[in-house]
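# An overview of the molecular structure
This is what each chain is made of:
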Amino acid sequence: MLSRTMLRNTLLVAKREYLERIRSKVFRITTILVPIGVALIGFLAGVGGKRLDQGVRQLAIVSNQPQLAADVQSTLKESEHPPQSIEVFAPGTTADLNALNEAVEQHRIGGYLILSRQPGQARPQATWVSGSATDFVGRDVMKNAVTDALVREQLTSRGMTDAQIKALMKSVKLDTMQVKNGQAVASNAARSFAGAYVLILVLYGAVLIYGINIARSVVEEKTTRIFEVLLSTASSDSLMVGKLFGVGAVGLTQMAIWTAMALVYAGSSLAAALKGHGLASLGLTRPELVFFPMFFLLGFFFYSAMAAALGSAVSGEQDVQQFIFILAAPLVISVFMMMYVMTNPSSAISVIMSLIPPFTPIVLYMRICAQTPPWWQIALGIALLAASVWVMIWLAARIYRIGVLMYGKRPTLPEMLRWLRYS
Amino acid sequence: MEVLVQLEHVSKTYEDKIAVNDLSLKIEAGSMFGLLGPNGAGKTSTIRMMIGITMPDSGSVTLFGKRYSSEALKRVGYLPEERGLYKRMKVIDQLVFMAELRGLGAAEATRRAKEWCERLQISDSIHKKTEELSKGMQQKIQFISTLLHDPELIIMDEPFSGLDPVNAVLLQDTLLELKRQGNAVLFSTHRMDQVEKLCDCICLIDKGHAVLSGGMREVKSRYERNHVIVQFEGADSFLNHPAIAEYKNYAGRAEIRLKPHADAQDLLRVAAATSTITKFELVEPSLEEIFIDTVGGRADA
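Scoring rules and cut-offs
- Residues numbered from 1 in each chain as written.
- Chains lettered and ligands numbered in written order.
- Predicted model: local features only at pLDDT ≥ 70, side-chain atom pairs only at ≥ 80, totals over all residues.
- Heavy atoms only, no water.
- Core = buried A, V, L, I, M, F, W, Y, C linked by side-chain atoms within 4.5 Å.
- Buried < 20%, exposed > 50% of the residue type's maximum accessible area, 1.4 Å probe, protein only.
- Helix = DSSP H or I, 4+ residues; strand = E, 2+ residues; numbered from the N terminus.
- Contact = heavy atoms within 4.5 Å.
- Buried area = accessible area lost by both parts, 1.4 Å probe.
- Salt bridge = Lys/Arg side-chain N within 4 Å of Asp/Glu carboxyl O.
- Polar contact = N/O pair within 3.5 Å; in protein donor to acceptor, adjacent residues only side chain to side chain.
- Nonpolar A, V, L, I, M, F, W, Y, C, P; charged D, E, K, R; others polar.

Side chains of a nonpolar character, in soluble globular proteins, are inclined to be buried together. Within the largest apolar cluster, 77 residues are counted, with the highest numbers of intra-cluster contacts made by Leu230(A), Met240(A), Phe295(A), Met366(A), Tyr400(A) and Phe97(B). Take this core: its biggest share by element is 15 residues, from helix 10 (residues 286-313) of chain A. Setting aside residues up to four positions removed in sequence, Leu230(A) forms contacts with Glu221(A), Leu239(A), Tyr400(A), Tyr86(B), Phe97(B), Met98(B) and Leu101(B).

For the rest of this paragraph, the subject is the interface of chain A and chain B. Buried accessible area, meaning the area lost when the parts come together, often serves as the stated size of an interface. Each partner contributes to the interface: chain A provides 27 residues, whereas chain B provides 29 residues. Summing the contributions of chain A and of chain B, the shared interface buries around 2700 Å²; its carbon and sulfur component is 54%. Three residues, Arg16(A), Val229(A) and Thr233(A), lead the burial of chain A against chain B; their summed loss comes to 21% of the area buried on that side. Joining chain A to chain B, the criterion identifies three salt bridges. Of the charged contacts in the structure, one is a salt bridge between Lys15(A) and Glu100(B), with a shortest N-O distance of 4.0 Å. Seen at the junction of chain A and chain B, the total is seven residue pairs in polar contact (both at pLDDT 80 or more). Here the side of chain A that touches chain B takes nine residues from helix 1 (residues 2-22) of chain A, the largest share from any one element. Residues belonging to the side of chain A that touches chain B are distributed by class as follows: 10 nonpolar, five polar and 12 charged.

To continue, consider the side chain of Thr224(A). As for its position among the elements, Thr224(A) is in the loop between helix 7 (189-223) and helix 8 (226-231). Relative accessible area serves as the criterion here: at 12%, Thr224(A) is assigned to the buried category. Here Glu220(A) takes part through its backbone oxygen, which lies 2.7 Å from a polar atom of the side chain of Thr224(A). Those residues in contact with Thr224(A), other than ones at most four positions away along the chain, are Glu82(B), Arg83(B), Gly84(B) and Leu85(B).

So this is what it looks like as structure tokens:
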């Protein structure tokens, strides 16, 4: 009888939390703005990447040897991302150099290359002059171009034809493989990283938006003393669980909307790809497809319960701001550890970290992406995380319940522990 | 009469402050009970123990004849002192949610909420968000949310504070109506005039102690009618009468306090002989005077 009342209250609270949030402006705004933001970031990253690849678009070559200048020019033109224009000054004068300096300063050209070689010498003196001290890409492109040109020059002088040289100097494509379940299978390092990155991004965003949302709503109930009325009819457990389920459902609804938007956007091309190659074409393997939502949900509930506990412990809105740090810290640490865990997925540190609940969602998922860990580690990590979600909710409910007795001042840690024993 | 709430020798201490000290009281069905006292006397602490938000350190609290149970709380309507509503929630949603938590079905909750909003003249605001409403309106909404599930015991902490006189009277009349229907109403206040008008029983608390309690008539009868107001024309020599302990004479109107057990009728005879009396009234002490008398002038009413 009592448990039925509890279930009913839990569902009522969850329904209220869900409907209030779904109807709120914040929900509508984030539902629309986040995909736009992601698309924008993607677009900018794409543009930035392209620019990086392309390197310098307009440049000039100044040399005392016209043949050398012409060789470097043709090497650059045949490269993967040929510059739009290459002006050649051979031989160049001081007036040319002055004009080029001016052109660089006015951003008409990206930079210019000075090549000087005394007759009879094999190697030229090469200088790359550009407007930026950090033009690493331009530097590398020029270095490779000059080296290639010198090699071509040598090969030509030893009687090879242009076609032969071209075939010889074509770069090699490197495939990578990975040992999984005792067999070498095709791997894609970038894709493994991408999976973990997306989880971090999604989890971090969800925790920031909804974790703080939960903490705020707990604080609101405390400051307005609504919880006195609530607690005079419902248990703090059903209030807390209801709150988390309600807000969790909002998070899932939003994810579902975003996924649907992405599917519509990707449209038929995606459907065709799925038909042809199955899930692999999405860059996801089957275990990842299972573990991603699982770790997202567990992580989401863990951090939400933590936010609820923090919200229960503080007395005002302003205090919530200070606690955001505590919520975000384990996620930030996980991000810092990313490189290490991905390259050393089975090291002691990675294993231990993946079994500590606040880090489990991201670190264990990273390990699964990098190299399938022993099943008992996956099971233990998930079990520990699930148990700690339960403990967090229990803790939050106790602190919330006891918070009724508090007015004004922020409780000290010993006080909180004393309350826990009382309730 | 059925006893709905009974406190026996209840004490409660917070950290280093004694909030309630050996307090006993009972509230019967169909009565209006006033819990009185200056700020910080222990009124809210007492109320919180009645509905199981806190537990007494010693003594016992029984609700509907039993120790605290969450089922019993569904028969109680509780209005806390602070105005607690979800700010961004619509009025009607808020009322229905609260009623559902207390066991009502959604349809019935909606019907009753509309009925009550009609009754307290806030039907126009039913679809507005709470934060758009004035404080007084919000108070009415919270008042309604306390009553929607038709509780047998209504407990209200300072229900009239911050209301304009018209609305205060509206809520007072509503409470009187509920009392007539057989519900028990307990409210705390530091306003003596409200208690004097509304309550059948009172308990005056000071520093966690019950300093005065019982039926209103009985409490007042414990205090002598020793105040006299005389309106007169002519000589004021009767003010030297031996029965008078002290007096204030405001040109034709004298407020007199008599000595204990003095004979007021003799004073009237003497006064009538020397001057023209237009009014001679033996006044029973107001609750406020009793309050100040008992608490010792510390009341902040």
